[in-house]
Amino acid sequence: MAKRPNEKNERLKRQFIDYRKYARQLSDKSLDRELAALERFDVWNGRKDFALFHIQWAMGFRTHLETAKGANGRPLSKSTMRAMLATMREFTIWLSQQDGFRSRIRTADADYFKLSRRDEAEARAAPPRAAPGIKQAKRALALMPETSPREKRDKAIFALLCLTGVRVGALISLRIKHVDLEEKSVTQNPREVATKFGKSLHTFFSKGFPEAEAALTAWIEYLEDEALFGPEDPLFPATAIAPQSNTGFAADGFERRAWKTSEPVRKIVNGAFAAAKLPAFGPHAFRHMLARHGAKTSESVAELVALSQNLGHTDVLTTLRSYGQIDRDTQRRLITGEMGDDVLED
């Protein structure tokens, strides 16, 4: 039988999360992960009072994670283990600085919440991320219908992702005024758009996507000329659901509000790729697509820097390390200068 939560521990966890939120300015998503890690440790440790902390707890928790399984029934990845241990390390350091704990817990005790060097290296290694090629994205876009207003909207969403790789959280919060078709730009004002870390971003349309520009233009013209939406209205409004006399509820136009979650966008993107008989890539895959294409085609450092800024990265190395991975065959060709049998897809 599971033990009931320890009130002292629960109070400390809340205080720590408040500290991480307001002093360290972590996002709600990150805070949820940290709270889950604290709860996992607390349950594993039998809800023992944190004031009784001993380094054996840290070593035992690490051993526990090595054999633990996730919600999918598979062993935890090294990166997941690393994130959990990092949370416990930060919590231990914070706890050692609190009144009543300074004489019981040392800052150095936090060092026991670490993976081995080998596991740490494996956790840090960027795994290959599935992403479509440029031709694949264009094929999926071309097959998307655009007869009804909803189809026009869905195709415009796919088109904007092809052009900019904008993060899905920002995409659903964009307003019509944020897109300048003549300048081929998207202004991501953090006061109005949900950008990562509240960054102010100026994103421009990637070259070579005339079909995507046409789909986006057609959608904005529909919003302004037929739906009579204004600059302050959402660029991608949520579908209105109206009651029907015989069928319950059905889609009926659009509401003048944005979607509350990114799930509709994921379904649209997954469905478009599936209809083209391609893997069901998600919205984030467009960022990898544009980064990899840019890494292969850029002819100067300035182009790489511009690409990095367009994706909202502070450091160009983030673009190259996390998004611009080069596959083995391409690596061989670039280093040896020998053309293999492989054909790189644009």
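Residues numbered from 1 in each chain as written. Predicted model: local features only at pLDDT ≥ 70, side-chain atom pairs only at ≥ 80, totals over all residues. Heavy atoms only, no water.

## Structural notes on the nonpolar core
Counting 52 residues, the largest nonpolar core has Phe158, Leu160, Leu171, Leu216, Leu235, Phe236 and Phe286 as its most contacted members. When residues of this core are traced back to their parent elements, those giving at least two are helix H6 (134–143), helix H7 (149–164), helix H8 (168–171), helix H9 (210–225), helix H10 (263–275) and helix H11 (285–297). In terms of residue count, the dominant contributor to this core is H7 (8 residues). Those residues in contact with Phe158, other than ones at most four positions away along the chain, are Ala137, Ala140, Leu141, Met144, Val269, Ala272, Phe273 and Phe286. (Core = buried A, V, L, I, M, F, W, Y, C linked by side-chain atoms within 4.5 Å. Buried < 20%, exposed > 50% of the residue type's maximum accessible area, 1.4 Å probe, protein only. Helix = DSSP H or I, 4+ residues; strand = E, 2+ residues; numbered from the N terminus. Contact = heavy atoms within 4.5 Å.)

## With respect to the confidence of the model for the chain
Of the residues in the chain, 88% reach a pLDDT of 70 or more, and the chain-wide mean stands at 88. This stretch, residues 342–346, has a pLDDT under 50; its non-local contacts, to residues over four places away or in other chains, come to 13 contacts. (pLDDT = per-residue confidence, 0-100.)

## So, the packing of H7 against H10
Taken N-terminus to C-terminus, the directions of H7 and H10 make an angle of 85 degrees; their axes are 10 Å apart at the nearest point. The angle between the axes of H7 and H10 places the two elements in the roughly perpendicular class. Residues Asp154, Ile157, Phe158 and Leu161 of H7 form the contact with H10, whose participating residues are Val265, Ile268, Val269, Ala272 and Phe273. The residue inventory of the contact of H7 with H10, partitioned by class, reads 8 nonpolar, no polar and 1 charged. (Axes fitted to C-alpha atoms, helices over the stretch in contact; angles between N-to-C directions. Parallel < 35°, antiparallel > 145°, perpendicular 65-115°, else oblique. Nonpolar A, V, L, I, M, F, W, Y, C, P; charged D, E, K, R; others polar.)

## Some remarks on the side chain of Asp42
Mapped onto the secondary structure, Asp42 falls in helix H2 (residues 28–44). With relative accessibility at 0%, the residue Asp42 sits in the buried group. A distance of 3.2 Å separates a polar atom in the side chain of Asp42 from a polar atom in the side chain of Asn9. Of the polar contacts made by the side chain of Asp42, one reaches the side chain of Lys13; its length is 3.2 Å. With residues up to four places along the chain from it excluded, the contact list for Asp42 reads Asn9, Glu10, Lys13, Arg47, Lys48 and Phe50. (Polar contact = N/O pair within 3.5 Å; in protein donor to acceptor, adjacent residues only side chain to side chain.)

## Observations concerning helix H3 (residues 55–67)
Within H3 the residues assigned to the buried category are Trp57, Ala58, Phe61 and Leu65. Buried residues of H3 fall within an arc of 100 degrees about the axis and therefore sit on the same side. On the buried face of H3, the contacting elements are H2 and helix H4 (78–95). (Arc of directions from axis to C-beta.)

## Things to note about the side chain of Thr239
Relative to the helices and strands, Thr239 resides in strand E4 (residues 237–244). With a relative accessible area of 15%, Thr239 lands in the buried category. One polar contact links Thr239 to Arg153, side chain to side chain, over a distance of 2.8 Å.

## Things to note about the packing of aromatic side chains
Any pair of aromatic rings gets described here by the distance separating the centres and the angle formed by the planes. All told, the structure shown has 18 aromatic pairs when counted by the stated rule. Residues Phe41 and Trp44 carry aromatic rings whose centres are separated by 5.8 Å and whose planes lie at 40 degrees to one another, so their mutual orientation is tilted. You can see Phe41 and its partner Trp44 sitting in helix H2, 3 residues apart, about one turn around the helix. Among the residues examined, Phe41 registers a relative accessible area of 1% and is labelled buried. Centre to centre, the rings of Trp219 and Tyr222 are 5.5 Å apart; their planes meet at 20 degrees, and the pair counts as stacked. Residue Trp219 and its partner Tyr222 are both found in helix H9; the two are separated by 3 residues, about one turn of the helix. Looking at Tyr222, the relative accessible area reads 15%, which means it is buried. One Lys or Arg, Lys138, reaches over the ring of Phe209 and ends 5.5 Å from the middle of that ring. (Phe/Tyr/Trp six-rings, centres within 6.5 Å; stacked < 30°, edge-to-face > 60°. Lys NZ or Arg CZ within 6 Å of the ring centre and 35° of its normal.)

## Section: the sheet that holds strand E1 (residues 179–180)
Pairing within the open sheet is antiparallel, and its 3 strands lie in the order E1-E2-E3. Of all the strands in the sheet, the pair left with one neighbour each is E1 and strand E3 (201–204). Note that strand E2 (residues 185–188) and E3 share 4 bridges and pair antiparallel. Its bridge partner being in E3, Thr187 is matched across the sheet by His202. (Pairing = 2+ DSSP bridges.)

## Remarks on unusual backbone geometry
Backbone geometry places Gln25, a non-glycine residue, at a positive phi of 60 degrees. Inspection of the secondary structure assignment puts Gln25 in the loop between helix H1 (7–22) and H2.

## With respect to a positive patch on the surface
On the surface, Lys29, Arg33, Lys196 and Arg266 cluster together into a patch of positive charge. Residue placement: Lys196 occurs in the loop between E2 and E3. Judged by relative accessible area, Lys196 falls into the partly exposed class, the value being 41%. (Patch = residues over 30% accessible without salt bridge, like charges linked within 9 Å, V, L, I, M, F, W, Y side chains within 5 Å. Areas by Shrake-Rupley, 256 points an atom, 1.4 Å probe, with all protein chains shown as cover. Salt bridge = Lys/Arg side-chain N within 4 Å of Asp/Glu carboxyl O. Lys, Arg positive; Asp, Glu negative; His and termini not counted. Charge placed at Lys NZ, Arg CZ, Asp CG, Glu CD.)

## Side note on the environment of Ala83
You can see Ala83 is positioned in helix H4. Take Ala83: its relative accessible area is 44%, and that puts it in the partly exposed class. Placed 50 residues apart in sequence, Ala83 and Arg33 show a C-alpha to C-alpha distance of 8.6 Å.

## A short note on the pattern of salt bridges
A pair can form between side chains of opposite charge whenever their charged atoms are brought close. Counting across every chain of the model gives 22 salt bridges. Arg47 is paired through a salt bridge with Glu10; the nearest N and O atoms lie 3.7 Å apart. Highlighted residues: Arg47 in the loop between H2 and H3 and Glu10 in helix H1, separated in sequence by 37 residues. Overall, Arg47 belongs to the buried group, its relative accessible area being 11%. Taken together, the shared-partner salt bridges connect Glu10, Lys13, Glu39, Asp42 and Arg47 into one network.

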